[in-house]
Amino acid sequence: MPLLYITRKEHFNAAHQLWDNNLTSDENFALFGKCANPHFHGHNFDLYVCVKGQPDPNTGLVMDLKKLKIIIREEVIDQLDHQNLNLDVSWLKDKMPSIENISVAIWARISDKLPQGVKLHKITLWETQNNFVEFFGED
Ligand code: NI
């Protein structure tokens, strides 16, 4: 049976600051660049959720992408869009809101919401036009 990978793209705007209280201001800016800006700043995040499975013999679909859209909207987008990722989101509290950490947190929220036979394959999160991370779950 063929194994296929399907992806839904979503988008959110959010603010954050990357800052380690154990480092000096100079060290923070050296490490995090503009993301250390003390008054927060925004990004236009693009989120790609890729799931894998075998197509249903009747529908030909791995999964109804409308259903995947609803899961992503409810679990992630509705909670992150136009929020401050350092302050406003309970499931990101006490985490450095890097795209690495956000991706891992998104994985945990989506992976157990998928229909039987469908598995989460990859979370891809773009922070700028040049920078993105990919998370394939734990080893
Ligand atoms: Ni930033």
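Structure report, in brief.

Observations regarding the coordination of the nickel ion
Octahedral six-donor coordination of a metal ideally yields angles of 90 or 180 degrees, compared with 109.5 degrees for tetrahedral four-donor coordination.
Then step 1. The coordination sphere of the nickel ion contains the protein donors His16 (NE2), Cys35 (SG), His41 (NE2) and His43 (NE2), at a distance range of 2.0 to 2.1 Å.
Then step 2. Every donor counted, the four donor atoms about the nickel ion form angles of 97 to 123° at the centre, which fits tetrahedral coordination.
Then step 3. Mapping the donors of the nickel ion onto the primary sequence gives the spacing H-x18-C-x5-H-x1-H. With His16 in strand β1 (residues 4–16) and His41 in strand β2 (residues 41–53), the pair connects residues that are 25 residues apart, well separated along the chain. Pair check on accessibility: His16 and His41 agree, each one buried.

Here we look at the environment of Lys93
Then step 1. Assignment of secondary structure puts Lys93 in the loop between β3 (83–84) and α3 (99–110).
Then step 2. With relative accessibility at 42%, the residue Lys93 sits in the partly exposed group.
Then step 3. Each residue touching Lys93, except ones within four places of it in the same chain, is listed here: Asn86 and Leu87.

Quick notes on the nonpolar core
Then step 1. By size, the foremost hydrophobic cluster in this structure holds 32 residues, and its most contacted members are Leu47 and Leu80.
Then step 2. Taken together, the elements giving at least two residues each to this core come down to β1, β2, α2 (65–80), α3, β4 (119–126) and β5 (132–135).
Then step 3. Leave out the neighbours within four places in its chain, and Leu80 touches Phe12, Asn13, Ala14, Leu85, Val89, Trp91, Leu92, Ile102 and Ile106.

Here we look at the packing of α2 against α3
Then step 1. At a closest axis distance of 9 Å, the pairing of α2 and α3 adopts a crossing angle of 140°. As summarised for this structure, α2 and α3 are arranged oblique, according to the angle between their axes. In the crossing of α2 with α3, the sense of the turn from one axis to the other is right-handed. Within the contact between the two elements, α2 uses Ile71, Ile72, Glu75, Val76, Gln79 and Leu80 and α3 uses Ile102, Ile106, Arg109 and Ile110.
Then step 2. In terms of residue class, the contact of α2 with α3 is made up of seven nonpolar, one polar and two charged.

Focus: the pattern of salt bridges
Then step 1. The full count for this structure, using the stated rule, is seven salt bridges.
Then step 2. Across the pair Glu10 and Arg8 runs a salt bridge whose closest N-O atoms are separated by 2.8 Å.
Then step 3. For Arg8, a relative accessible area of 24% corresponds to the partly exposed category.
Then step 4. Residue Asp64 is joined to Lys66 by a salt bridge in which the shortest nitrogen-to-oxygen separation is 3.5 Å.
Then step 5. On the basis of relative accessibility, which here comes to 25%, the residue Asp64 falls in the partly exposed class.
Then step 6. Salt bridges here are not isolated pairs; linked through shared partners, they connect Glu75, Arg109, Asp112 and Lys113.

Some thoughts on the environment of Gly42
Then step 1. One can find Gly42 in strand β2.
Then step 2. For the pair Gly42 and Lys93, spaced 51 residues apart in sequence, the C-alpha separation works out to 18 Å.
Then step 3. Gly42 has contacts with Ala14 and Ala15, leaving out every residue within four places of it along the chain.

Details of the layout of surface pockets
Then step 1. In this structure, the largest pocket spans a volume of roughly 170 Å³.
Then step 2. The wall of the largest pocket is formed by Gln54, Asp56, Thr59, Leu61, Val62, Met63, Asp64, Lys67, Pro115, Gln116, Gly117 and Val118.
Then step 3. Taken together, the residues of the lining of the largest pocket break down into five nonpolar, four polar and three charged.

Calculation notes
Residues take numbers from 1 onward in each chain, read along the sequence in its written order. With the structure being a predicted model, the display of local features is reserved for residues of pLDDT at least 70 and the display and counting of side-chain atom pairs for 80 or more, all residues being used for whole-chain, interface and lining totals. In computing side-chain values, all of the structure's heavy atoms are included and hydrogens and water are not. The donor set covers N, O and S atoms within 2.8 Å of the metal, switching to 3.2 Å for Na, K and Ca, and it leaves out water, so a site may look short of donors. Tetrahedral means four donors with every angle between 85 and 135 degrees, whereas square planar (four donors) and octahedral (six donors) require angles over 155 degrees between opposite donors and between 65 and 115 for all others; sites fitting neither are termed irregular. What counts as a helix is a DSSP run of H or I of at least four residues, what counts as a strand is a run of E of at least two, and both are numbered from the N terminus. For every residue, the accessible area obtained with a 1.4 Å probe (protein chains only) is divided by the maximum for its type, and the residue is called buried under 20%, exposed over 50%, and partly exposed between those limits. Contacts are assigned to residue pairs that have any heavy atoms within 4.5 Å of one another. Nonpolar cores are built from buried Ala, Val, Leu, Ile, Met, Phe, Trp, Tyr and Cys residues. Side-chain atoms within 4.5 Å join them into one set. Lines are fitted to the C-alpha atoms to define the axes, a helix being fitted only along its stretch in contact, and any angle between axes, read from their N-to-C directions, falls within 0 to 180 degrees. To sort the angles, those under 35 degrees are grouped as roughly parallel, those over 145 as roughly antiparallel, those from 65 to 115 as roughly perpendicular, and the leftovers as oblique. Crossings are classed by handedness, with left-handed meaning an anticlockwise turn of the near helix from the far one by less than a right angle and right-handed meaning a clockwise turn. Under the scheme applied, nonpolar residues are Ala, Val, Leu, Ile, Met, Phe, Trp, Tyr, Cys and Pro; charged residues are Asp, Glu, Lys and Arg; polar residues are all the others, including Gly. Basic side-chain nitrogens of Lys or Arg form a salt bridge, by our definition, when they fall within 4 Å of a carboxyl oxygen of Asp or Glu. Cavity means a closed set of points on a 1 Å grid over the protein atoms alone, one where a 1.4 Å probe fits but cannot get out, pocket means an open set with protein on both sides within 12 Å along at least 5 of 7 lines, and lining means a residue has an atom within 4 Å of a point. Grid points are joined across faces, edges and corners, and a volume is the space filled by probe spheres set on the points.

Nothing here speaks to function; it is all geometry.
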